[in-house]
Amino acid sequence: MGLSDLRREMILAAIAEYDTMGRDAFLDTYGYGPARGYFLVHEGRRYDSKAIVGVAHRGVTGRPLLPEEFSGGRDTVARRLIRLGFEVTAPGLALGEHTIENLLMKIDSLRTDRSKLTDQPRRHQPLTLLWALGRAAQGEPRLETWARTSAEISSLIDTFGHGDDRPNPEFPVLRLFHDGLWELDESDVPPASTSTAQRWMRDHAPMGGLRPWVHTIVTQHADVRAQIVLHLLEVYFQGVDHEALLTAVGLSSASDAEVPLNDGSPSPQRRQSTTMRVIRDSVLAQQIKDLHGHHCQICGVRLRLPDGSYAEGAHIRPVGQPHNGPDEPGNILCLCPNDHVLFDRGGLTLTDDLLIFDEVAGQVRGSLRLAPQHVINIAHVAYHREAARQVPGRA
């Protein structure tokens, strides 16, 4: 049962009914169980997302959906709610807490029109976000004048947009504002789709920029910022010179830092030794990576190389001594190199609910990305978590 016909007003009507009836009566009346994962957050209150969407669907078909008629979760209910401008919390995260997972879901659910010339998603919003991410990376102020914002984003649209993309920065800024990613220092902000939107922006010339919680995440978490950049480039800028675009927005991979290196040795010493190693099933690891499309199960990044994508097969319970873990699907994760190191060294662990726990920060980072055919063995997860927390030097 598709959810694409749902409208925001239908969701709001279901929320109002939920508030009137109370949670227990609402769930009992429509046959839904309590949510265990994603929750809709509206005006500081938390709602069972699948139940709200199912009841709201009455506005489409004339009757509520039964729980068994559709699936909940990130890729269905949560995605649709975010596309309608609502906030959705990830599993295991506190009410009202702005999270990395929530930000990534919003980025993944941008509502973009399509170019009539190329039939590809328009690039106004992605370019606006890349511009703001570049400012964050360079330590620029979070808020900027409309005069500078308008001029710089217009130039980016002219240079990197589709042939029929008009340099109108008003619309992407307003769309990002209504989707909860952008801040404007004005009230009564008009919808992005109205004909008066451009005039309103010119007349009010509001200061604007990423919302504080978004700015904090992309400033403090370079890995998350990089993940967002990679996603935007992959989805919206195929056929574009990525290095030229990143340089234009201040996100070039080039570094000005000069690190002195020692002289090394032109003739390093070598010695013969005999070692014993575990023969790992490289075919199985490749199958796991293919199953996940080479996307890291922790951060979602997929590294692209000239000869294809790259990821690493990471054993949850190490196969070497003294752990002697098995080389089987339930003991293997598909990870990027960074998260592979963090996982192997105990910086990241998994809960039994497959939430990602940052052992350094002492908090949940989000949910492990899963695939239906890849079932993780929780016994290995528990073993890894216990082993990580027994590393010498840890409290």
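Okay, so let's go over this structure. Computed from a prediction, not measured in an experiment: that's the story for all the values here.

As a further point, take the sheet that holds strand β2 (residues 45–48). Here three strands make up an open sheet; going across it, the order is β2-β1-β3 and the pairing antiparallel. Here the strands that pair on one side only, and so sit at the sheet edges, are β2 and β3 (87–89). On average, each strand axis in the sheet is inclined to that of its neighbour by 40 degrees, with strand direction left out of account. Summarising the sheet, strand β1 (residues 39–42) and β2 pair through four bridges and their orientation is antiparallel. For Leu40, the partnering residue across the bridge sits in β2 and is Tyr47.

On the secondary structure map, Leu40 appears in strand β1. With 47 residues separating them in the primary sequence, Leu40 and Glu87 have C-alpha atoms 6.0 Å apart. If sequence neighbours within four positions are ignored, Leu40 has contacts with Ile11, Ile15, Arg45, Arg46, Tyr47, Ser49, Ile52, Leu81, Phe86 and Glu87.

Remark: helix α6 (residues 100–108) packs on helix α11 (residues 212–220), axes separated minimally by 10 Å, with the N-to-C direction vectors making an angle of 100 degrees. Between α6 and α11, the angle is such that the two are roughly perpendicular. Of α11, the residues touching α6 (which contributes Ile100, Asn102, Leu103 and Lys106) are Trp213, Val214, Ile217 and Val218. Residue classes in the contact of α6 with α11 are distributed as six nonpolar, one polar and one charged.

Cut-off values and rules
Residues numbered from 1 in each chain as written. Predicted model: local features only at pLDDT ≥ 70, side-chain atom pairs only at ≥ 80, totals over all residues. Heavy atoms only, no water. Pairing = 2+ DSSP bridges. Helix = DSSP H or I, 4+ residues; strand = E, 2+ residues; numbered from the N terminus. Axes fitted to C-alpha atoms, helices over the stretch in contact; angles between N-to-C directions. Contact = heavy atoms within 4.5 Å. Parallel < 35°, antiparallel > 145°, perpendicular 65-115°, else oblique. Nonpolar A, V, L, I, M, F, W, Y, C, P; charged D, E, K, R; others polar.

By themselves, these observations are geometric and do not establish any function.
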